[in-house]
Each structure stands twice: as C-alpha cells, then as structure tokens.
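Coordinate analysis (summary)
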Amino acid sequence: MEHKWVSVFCHSNPLNLRALLLIFFVLLCSNLSQSVDLYPDDKASVLLFRSCLQDPSQSLSSWVGSDCTNWTGITCENQTGRVVSVNLTNMNLSGQIHPNLCKLPFLEHLVLSGNNFTCTIPLCFGTLRSLKTLHLGYNRLYGTVPDTLMRLWQLKELVLNGNKDLGGLIPWWVGNFSAQLEKLDIGFNSFHGEIPESLLYLKSLKYLDLGNNNLSGTLSDFHQSLVFLNLGSNQFSGTLPCFSACVQSLRVLNLANNSVMGGMPTCMASLQALKHLNLSFNHLSYELSPRLVFSEKLLVLDLSNNDLSGHLPSKIAETTEKSGLVLLDLSHNRFSGEIPLKITELKSLQALFLSNNLLVGEIPARIGNLTYLQVIDLAHNSLSGSIPLNIVGCFQLLALILNNNNLSGEIQPELDALDSLKILDISNNKISGEIPLTLAGCKSLEIVDFSSNNLSGTLSDAITKWSNLRYLSLAQNEFSGNLPSWLFTFQVIRMMDFSGNKFSGFIPDGNFNMSINFKNRELDKMQREPFGTVHNADTKVFIIVTGSTELSFSYVLSSVVGIDFSNNVLDGEIPVGLFGLHGLQYLNLSHNFLQGRVPDLEKMWSLRALDISHNSLSGHIPGNISSLQDLTLLDLSYNCFSGFVTKKQGYWRFPGAFAGNPDLCLESSDGGCDPASLPVVPGNALEGEEDEGWISVWVFCLSAFLSFYFGGLALFCSPRARNYILQTKA
C-alpha cells in the first residue's frame, strides 16, 4: 500500500500536487479555527457586565461581533456557544461586578483576580451551579463571604485572597458544601475567629491558605492529605501537631508569625514529601532533638525568631549530591556552642542564616566547600578568629554578613575572588590593618560596612572601583590622611559615614551632584514622617543560575540619604556645593575644626537633620530656613557665630541649637535680643563630652536598621526551590 501511494504521487503533475496540498492545508486550518457564535442571551449578559466597568487599558475592546473566539478572556462551548469560562486576570478593570454575570448558567470557571473591583461578593454567584473555579483574589472586595456560595457543590477552587476588607468569621459551611473542593485560599484578608472543624476533615482538600488574617484558637491537626498548608501570620496558639495524615503528601508548611509554643516534635521529620518548612516568629523553645533529621527533599527550613536553645544540631537534614537544603535559617534564637562541621556538608546550601545567637569559636574553614552559597549571615554572635581564607571557595557569594562578633585579623587580599559580592558587613569586630587594594576586584559591591573596627591607613583607591556603591561606612576606626578628591564620584551612593576617625585636611570641593540620590529630592510620603523613620530603597539583583534563565529578586536597603564626617580633624571651609544638594537628608560635620562662614541652606530641600556643632565656624547664621519643612534636628552650637537671628528666619523651632555662641543674639518675644541660651531640649547638652555630635546618635541608631537579614534574598536562589517558596508568601 505504501508502494501504491508512492507510484501515484510520482506520476502526478507537480503543480497539481501542490494545489492538492494547499487545498488540504486550507481545509485543515479552517476546521481548526472554526468560529463559535456566542449564545445571544450569554452575549447580552456579558456585555451588560462590561458596561458597568472601567477599562482604562482597553483590555475588553475585542468584545465586538459574535465570534466567541475573538473575545478576550471568554471561552465558549463549541457546539452551543454557551459561555463556560470568564478569565479576566490582571486586566486593570475596576467598578462593580454586575449581577448579569450570574446569568451564565453553564459557566464553569470565573476568574476576576488582580483587578480593582470594589463591591461585596454578589449573592447571585450561588446560582452558578456549574461553577468549578471561582477566583476573586487581589481586588478590593469587602464584607463577608455570602452563604449563597454553599450552593456551589461542584466547586473545586475558591480563591478570595488579597482583599483586605473581606473578612468576618470563616463560614461554618466551608468544609462540607462541596465534596470536590481541592483549593481554598482566603489569605491576606481580615478573617477572624477559629478554623471551622469541618475544614479539618474535608477529604478532597489539597491546598489550604489561611495566612495573613486574624485567626486564632489552638492549632489543630488536619485529617486529610494536604499538599500545601499556610496558616502563617495569624494568632494561633498551642503546640505543634504531627500532621500524620499528611506524611506522604505535605510539601509546604508555613506556620510563621503565630504564638505556637513548646518544642519541635521529632515526628515532624516524618513528613517525607516536605520541601518548605517555616516556623519562624513563634515561641518555640527547648533544644532540637538529634533524632530530628529531615529528608533530603527539604529545601527550605526556617526556625528563626524563636527561643530555641542548646547546641546547633550536628545534622538537621539528609543530603545527597543532587538534593538537600537550599536555605537554612536558625537566626534569632539562643543556640550556643560552635558551628558544627556537619553544616559544611550541606552541599546544596545557598543561604545560611545563624545570626543573633550565642555561638562561639571560629568560622569553620570548610565553609568554602559550600560552592553554591550566596548568603552567609553570622552576625550578632561571639565568633572569634579571623575570616577564613577558604571562604573564597563560595565564589557565588552575594552577601557576607559578619558584623557584631569578636573577629580579628586583617582583611585578606584574596577576598577579591568574591567578585559577585554585593553586601560586605564586618562592622563591630576587632579587624585591623588596611583596606587591601585587591578589593578593587569586588566591583559588584553595593553595601559596605567596615565601621567600629581597628582599621587604619588612608583611603584605598580600591573603593573607586565600587561603582554600584549605595552605602559605605568606615566610622569608628583609625583611618587618617586627607579625604580624597574622588569621594563624591559614586553615582548611586545613599549614605557615606566616615565619622570617628582621624581624617584631616579640607573637605574636597568636587562635583557633589554626581550621586542621583544626593541631587534629587524624594517626593514620597516618608518625607513628612519623623526623622527616625526607615526609608526603603529597593535594589534589584540579578543572578545567573546554572541550567536556568536569569532570575531577579530585590532586597531592601534601609537608610537615610546622608553624609557624616563628624569627629575627625578636618579644617578649612565648608564647600558651597555641599549645601546645594537637593536630595540630602542628613549632614553631620560636627566635632571638627571647620572655619569660615556657613553656606545658605535654602537649596537643601530634603534636609531633615544638620549638625555642624563643635567647630570654629563664624559669621552670621545662614539665611531663612522657613522653607525647609522637613528639618527636624538642627545643631549649630559651640561655634563662633555672631549677629542677630530674627524669628522670620525660622530658627525659633530649634531653641537649643545655638548654645555656645556668645556673640549670637536671638530675637525675643518683645523684639529684643536674648543671648543664645544653653540647650533646652533633653539630650542636646554635651557637657564637655567629646564623643560624636548629638545627631550622630540618630545615625548610629539608623545604622542598626542595616541588619541585612535578607531571608527573601536566598529564597530565589534556586530554580527548584523557587516555585514552592513563592507560593507561601512567607
């Protein structure tokens, strides 16, 4: 038969053959793209629904004619033209949901997520008896869940998450209205009360997300084979159950940010399918049992911010060459002893958080064996010794955070091998020596904190290579020499803190407008908040993962936009350009030997704190500051200012800012001249202390916010972990 086909085609005219093939192709395409006419009643209902919407993106502009295949988001049954699916996800629609949408009796899937619908859930949705999927997440729905939805006995997925004004009690019927319900997501809403008992026994349920509500009550065990369970960010209490019904199925378990007490039961390790376990921000206590060893399938383990104690477990999860923990977070507990060597055998580990514990001893040299590591956070412990040279084996490292320990030694020149490093924080240790020139190789650095060590020498030219620098602190060290001319050449710098050193000479008069943060005023709501309020500046980070595409994530740098040169031996005049930075929020030049007049402040539109106290500045007080509405803290004390300060200049808001200027007079209530008095605001008087200026205290407090605990940073480091991690929103 095959031979017969060949002989026929061989004897055919080539032109006829092409014509036959063309006709066959056209007929095939016409059959595949057969139009489906919308059922007239369904068409009228859908159009009436659209008439009540605002559609600024013109997402529904294709709703013309009768061919259902051309209508965006609408799917019809081929033979009858009845609408079976309405999917309008993320179309920027707003308004109310018109009841005529309920006049689609054959509708099986209704997805309106990610829009701006502002209304209650329509009662008539209960008439859509064929409905299998109902997604209304991330809108602006309010009120309660109507009882009419209990009529949807075929429903498999009910998603109402992300409507912050939708709440009340979880409906009593939610566990028994549909024997087919597989997914229930009401996270990020305002539900309160306890979980209905019926929900604990719904056999069909696989995915349950009740996270980020105000739910309470004792944490209960579930009696079905759940795959995903998120109860995070509620007010549940009690102890951890074993989830024995989910031993073979549960992949994601998030109970973070509740009030769960007691210890970690060893039965948790029997959850053989578990990939993500988050128990952070609870009241878990006691030691971890040596028998608590999770399977190699576990990717993420977060037990941070509890009251766990004892030694770190020598083995907490099985590992193989191809699988094992990706993220381990045991930070903010009371673990003691040394870092066990077994941790260095977690070959897949990409993020290690052990900060804020009571750990002692040295950082294991074998940590360099963890070649996938991208985040190391060992801050706020009592670790000693030097930074191990083998750490350069972690060549993919993005963040090295070792602040607030007892580390000593010098910064090794070989650290330049960490050329992907973005965050380097070794502050509050006992590290000495100079900044190696080889660190010029770390060109990706964005956040560098070397403060409160014993570092010395002059400023290394290596710093100029850190072109992405956003935060730099060398405060409280022994650096000396002149401030270099390249100091203000960083284009994205936000905070520069050189306070508490021995820098001398002039403040370089360069191009202060190089930094986009220094020159641009931030026009956001935080401008009106108190000075101590933390500012968030998202920084995008891109990483290439072997065998995957480029992934991106963001971490948050919290700091004001500022410059701090206080407590040095600088002299000369203040460069005029420094006082012309529109975006600068904080400037501290106190406790130096600066001379001459102070430039006008009018161009410092964003200024919130200025300390130029304890210098030798002279002349008149800078002109009118009435326009500087964000200015909260001001100290011009202990200088040589003279002249008369009128109330019109706006300085009346800072009565203690002029102490120690004997030739300065402030306009009194009767228009006379009162000598500048001692500070009247508590905490402003220095009383002979030669520490940092009083505003410096604010900066050091703000620096405390730079903790760099980017749990979210590591969660995106592995393509195989990413899908599970993102679902938990933990």
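Rules and cut-offs
- Residues numbered from 1 in each chain as written.
- Predicted model: local features only at pLDDT ≥ 70, side-chain atom pairs only at ≥ 80, totals over all residues.
- Heavy atoms only, no water.
- UniProt positions renumbered as here; feature names shortened; annotations may be inferred.
- pLDDT = per-residue confidence, 0-100.
- Contact = heavy atoms within 4.5 Å.
- Core = buried A, V, L, I, M, F, W, Y, C linked by side-chain atoms within 4.5 Å.
- Buried < 20%, exposed > 50% of the residue type's maximum accessible area, 1.4 Å probe, protein only.
- Helix = DSSP H or I, 4+ residues; strand = E, 2+ residues; numbered from the N terminus.
- Pairing = 2+ DSSP bridges.
- 1 Å grid on protein atoms, 1.4 Å probe; cavity = no way out; pocket = protein on both sides within 12 Å on 5 of 7 lines; lining within 4 Å.
- Points joined across faces, edges and corners; volume = space filled by probe spheres on them.
- Nonpolar A, V, L, I, M, F, W, Y, C, P; charged D, E, K, R; others polar.
- Salt bridge = Lys/Arg side-chain N within 4 Å of Asp/Glu carboxyl O.
- Disulfide = S-S within 2.5 Å.
- Expected span 1.5 Å × (residues − 1).
- Arc of directions from axis to C-beta.
- Phe/Tyr/Trp six-rings, centres within 6.5 Å; stacked < 30°, edge-to-face > 60°.

- Per an unreviewed UniProt entry, the recorded name for the protein chain is Leucine-rich repeat receptor-like protein CLAVATA2, and the organism is Prunus yedoensis var. nudiflora.
- Reading the Subcellular location (unreviewed entry) entry of the UniProt record for the protein chain gives the comment "Cell membrane".
- Among the UniProt annotations of the protein chain, the heading Sequence similarities (unreviewed entry) holds the following wording: "Belongs to the RLP family."

**Digging into the confidence of the model for the protein chain**
- Overall, the prediction assigns the protein chain a mean pLDDT of 85, with 82% of residues at 70 or greater.
- Ignoring residues within four places in sequence, the model shows residues 1-15, a span with pLDDT below 50, making one contact including any to other chains.
- Low pLDDT (under 50) marks residues 23-32, which in the prediction has zero contacts with non-local residues, meaning those over four places away or in another chain.

**Remarks on the nonpolar core**
- The biggest cluster of nonpolar side chains holds 177 residues, and the ones touching the most others in it are Phe294, Phe450 and Phe565.
- Secondary-structure elements contributing two or more residues to this core are helix 3 (40-51), strand 2 (74-76), strand 3 (83-87), strand 46 (640-645) and strand 47 (663-667).
- The residues contacting Phe294, other than those within four sequence positions of it, are Met264, Met268, Ala269, Leu274, Leu277, Leu301, Ile316, Ala317 and Glu318.
- Residues Val326, Ala399, Val560 and Ala609 belong to the second largest nonpolar core, which totals 18 residues.

**Some details on the sheet that holds strand 44 (residues 616-619)**
- Reading across the sheet, the ten strands line up as 30-32-34-36-40-42-44-46-47-48 and stay open at both edges, with mixed pairing between neighbours. Single-partner strands in this sheet number two, and they are strand 30 (432-433) and strand 48 (673-675).

**Section: unusual backbone geometry**
- Unlike most non-glycine residues, Asn257 shows phi in positive territory, near 60°.
- Tracing the chain through its elements places Asn257 in the loop between strand 17 (252-254) and strand 18 (259-262).
- Unusually for a residue other than glycine, His332 sits at a positive phi of about 55°.
- Tracing the chain through its elements places His332 in the loop between strand 23 (327-329) and strand 24 (334-337).

**Quick word on empty space enclosed by the protein**
- Going through the model one piece at a time under the given rule, you end up with three cavities of 30 Å³ or more.
- Quantified by volume, the second largest cavity comes out at close to 50 Å³.
- Forming the boundary of the second largest cavity are Val145, Leu158, Leu160, Ile170, Pro171, Trp173, Val174, Leu184, Ile186 and Phe191.
- Across the lining of the second largest cavity, the residue classes break down as ten nonpolar, no polar and no charged.

**Some details on the pattern of salt bridges**
- All chains considered together, the criterion is met by eight salt bridges.
- Put simply, Lys422 and Glu446 hold a salt bridge, and the shortest N to O gap is 3.8 Å. On the criterion of sequence distance, the pair formed by Lys422 in the loop between strand 28 (399-401) and strand 29 (423-425) and Glu446 in the loop between strand 30 and strand 31 (447-449) is long-range, its members being 24 residues apart. With respect to burial, Lys422 and Glu446 carry one shared label: buried.

**Comments concerning the state of the cysteines**
- The tally for this structure, following the rule as stated, stands at four disulfides.
- The side chain of Cys68 participates in a disulfide bridge whose partner is Cys76; the two sulfur atoms lie 2.0 Å from each other. The S-S bond linking Cys68 to Cys76 shows a torsion near 90°; that makes this disulfide right-handed.
- Shown here is the disulfide that connects Cys242 with Cys267, its sulfur atoms set 2.0 Å apart. Between Cys242 and Cys267 the sulfur-sulfur dihedral comes to about -85°; the bridge is accordingly left-handed. Taken together, the positions of Cys242 in the loop between strand 16 (235-239) and strand 17 and Cys267 in the loop between strand 18 and strand 19 (276-278) put the pair 25 residues apart, joining distant regions of the chain.
- Along the protein chain, the cysteines that take part in disulfide bonds pair up as 1-2, 3-4, 5-6, 7-8, counted in sequence order.

**Section: helix 3**
- Under the 1.5 Å per step criterion, the end-to-end length of helix 3 is 17 Å for twelve residues, consistent within 8% with the ideal 16 Å.
- Taken together, the buried positions of helix 3 are Asp42, Ser45, Val46 and Phe49. One side of helix 3 carries all its buried residues, which in axial view fall inside an arc of 95°.
- Against strand 1 (53-54), strand 2, strand 3 and strand 6 (116-117) lie the buried residues of helix 3.

**A look at the pairing of strand 22 (residues 307-311)**
- By the bridge criterion, three bridges tie strand 20 (residues 283-287) to strand 22 in an arrangement that is parallel. Looking across to strand 22, one finds that Ser285 is bridged to Asp307.
- Judged from the three bridges that link them, strand 22 and strand 24 form a sheet pairing that is parallel. Counted as the bridge partner of Gly310 is Phe335 from strand 24.

**Some details on the packing of aromatic side chains**
- One pass over the structure, following the stated rule, counts ten aromatic pairs.
- A ring pair is formed by Trp173 and Phe177, whose centres lie 5.1 Å apart and whose planes are at 80°; its orientation type is edge-to-face. Across the pair, exposure class does not vary: Trp173 and Phe177 are buried alike.
- Between Trp486 and Phe490, the aromatic rings sit 6.4 Å apart at their centres with planes inclined by 90°, giving edge-to-face as the arrangement.

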